[in-house]
Amino acid sequence: WCGIGGLMIDLMGEVLEDASVDAVVWVSHDAVPLRSFHEVYEWALDGRTSFCVNGGTGCADTWSIMQRRHMTILSSLKEEVLQVFRGIATCEEECWFSLLLELADPDGLRNACSTYACWTATKPLSLEMNARVPSMARLNQRVAEDCGGPQEFEQLRDSDLQALVSSGFCFARKFRRGAVLVPSGRDLSEVLSGVVQK
């Protein structure tokens, strides 16, 4: 992590070759959907790029929704982007895009988190997550030496799934394949496939 900014800009360039793409949703490989495709589509086509801003740093969570015009800016200025941040120790995918687009088009951005993660209380992102899903606020069991990363789930309480679905997030991340709900024993992916098709 923290070294894939250039790769993401290259991916933006490839996406821009398809004129029908208006926005891109960056989603983690271990994320599950909490809303229907139609709801996410409507949310993505709001016209603004959505970042989940990390406290007062100006940096943001990697998982975002980016509008075509913003990908065009970043892709067309890739060498300049690389030059601006050369020698600056920062997490590329969390800082480059939000900081640069705040300068280029502040009115075209919104601070709206698309993806839930169960961060430790020491992380600024936990404030937003815990406010919207308070029942999961204390579920992170990661050790302090682990940089406070998000909790990974093999199981989830049925009531916490309902809280996630009601939270307004489009996705939730850090769910292992085969994760189950307790106490019902239902398969998380099967339950969510029913939720997102409504």
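Please refer to the structure higher up on the page.
As the structure is a computational prediction, the values presented were derived from the model and not from experiment.

Some details on a nonpolar patch on the surface
A contiguous nonpolar surface patch, about 330 Å² in accessible area, is contributed by Phe37, Tyr41 and Leu45. Topologically, Phe37 is positioned in helix 2 (residues 37-44).

Brief notes about the packing of aromatic side chains
The final tally for this structure, using the stated rule, is four aromatic pairs. Note on Phe85 and Trp96: the rings are 5.5 Å apart at their centroids and 15 degrees apart in plane angle, and the pair reads as stacked. Residue Phe85 is found in helix 4 (residues 78-85), and its partner Trp96 is found in helix 5 (residues 92-104); the two are separated by 11 residues along the sequence. Of the two residues, Phe85 and Trp96, neither departs from the other in class, the shared state being buried. Between Tyr116 and Phe169 the ring centres are 5.7 Å apart and the planes differ by 65 degrees, which places this aromatic pair in the edge-to-face class. Residue Tyr116 is located in strand 6 (residues 115-116), and its partner Phe169 is located in the loop between helix 7 (158-166) and strand 8 (171-172); the two are separated by 53 residues in the primary sequence. Assessed through its relative accessible area of 1%, Tyr116 is described here as buried. Taking the relative accessible area as the measure of exposure, Phe169 reaches 0% and is therefore buried.

As for helix 2
Residues of helix 2 that are buried: Val40, Trp43 and Ala44. All buried residues of helix 2 fall inside an arc of 95 degrees around its axis, so they share one side. Of the surrounding secondary structure, the elements contacted by the buried residues of helix 2 are strand 1 (23-25), strand 3 (49-51), strand 4 (65-67), strand 5 (109-111) and strand 8.

Let's talk about the pattern of salt bridges
Here the idea is simple: oppositely charged side chains can pair when their charged atoms come close. Counted under the stated rule, the structure contains 10 salt bridges. With its nearest N and O atoms 3.8 Å apart, the salt bridge here joins Asp46 to Arg110. Of the two residues, Asp46 sits in the loop between helix 2 and strand 3 while Arg110 sits in strand 5, which places them 64 residues apart along the sequence. Classification of Arg110 as buried rests on a relative accessible area of 13%. Note that Asp158 is salt-bridged to Arg186, the shortest N-O span being 2.9 Å. Separated by 28 residues along the polypeptide, Asp158 in helix 7 and Arg186 in the loop between strand 9 (175-182) and helix 8 (188-196) bring together distant segments of the chain.

As for the nonpolar core
Among the nonpolar cores identified, the biggest contains 24 residues, and Tyr116, Leu156, Leu164, Phe175 and Leu188 are the most heavily contacted of them. Looking at this core, the elements that each hand over two or more residues are helix 6 (125-132), strand 7 (153-157), helix 7, strand 9 and helix 8. With 20 residues, the next largest nonpolar core counts Met12, Trp26, Ala60 and Leu101 among its residues.

A short note on the side chain of Ser28
Summarising the element assignment, Ser28 is placed in the loop between strand 1 and strand 2 (32-33). Of note is the side chain of Ser28, whose polar atom sits 2.5 Å from the side chain of Asp30. The contacts of Ser28, once residues within four sequence positions are left out, are Trp63 and Arg173.

Parameters at a glance
- Along every chain, residues carry numbers that run from 1 in the direction the sequence is written.
- The model is predicted, so local features are restricted to residues of pLDDT at least 70 and side-chain atom pairs to those at 80 or more, both for listing and for counting; the totals for chains, interfaces and linings are taken over all residues.
- The side-chain numbers reported here are obtained from all heavy atoms of the structure, hydrogens and water having been left aside.
- Each patch is built from salt-bridge-free residues with over 30% relative accessible area, joining like charges within 9 Å and nonpolar side chains (Val, Leu, Ile, Met, Phe, Trp, Tyr) within 5 Å.
- The Shrake-Rupley method, run with a 1.4 Å probe sphere, supplies the accessible areas, and residue values consider only the shown protein chains as cover.
- Between Lys or Arg on one side and Asp or Glu on the other, a salt bridge is scored when a side-chain nitrogen of the former is within 4 Å of a carboxyl oxygen of the latter.
- We count a stretch as a helix when DSSP gives it H or I for four or more residues in a row; a strand needs E for two or more, and each element gets its number in order from the N terminus.
- Stacked, tilted and edge-to-face are the three classes applied to pairs of Phe, Tyr and Trp rings, where Trp contributes its six-membered ring and a pair requires centres within 6.5 Å; stacked means planes under 30 degrees apart, edge-to-face means over 60, and tilted covers the rest.
- Classification of residues uses two cut-offs on accessible area relative to the type maximum, computed with a 1.4 Å probe and protein chains only: under 20% is buried, over 50% is exposed, and between them is partly exposed.
- Read the arc as the range of directions from the helix axis to the C-beta atoms.
- Contacts are assigned to residue pairs that have any heavy atoms within 4.5 Å of one another.
- To qualify as a nonpolar core, a set must consist of buried Ala, Val, Leu, Ile, Met, Phe, Trp, Tyr and Cys residues joined through side-chain atoms within 4.5 Å.
- Residues adjacent in sequence count toward polar contacts only when both atoms are side-chain atoms; beyond that, a polar contact is any pair of N or O atoms within 3.5 Å, and within protein one must be able to donate a hydrogen and the other to accept it.

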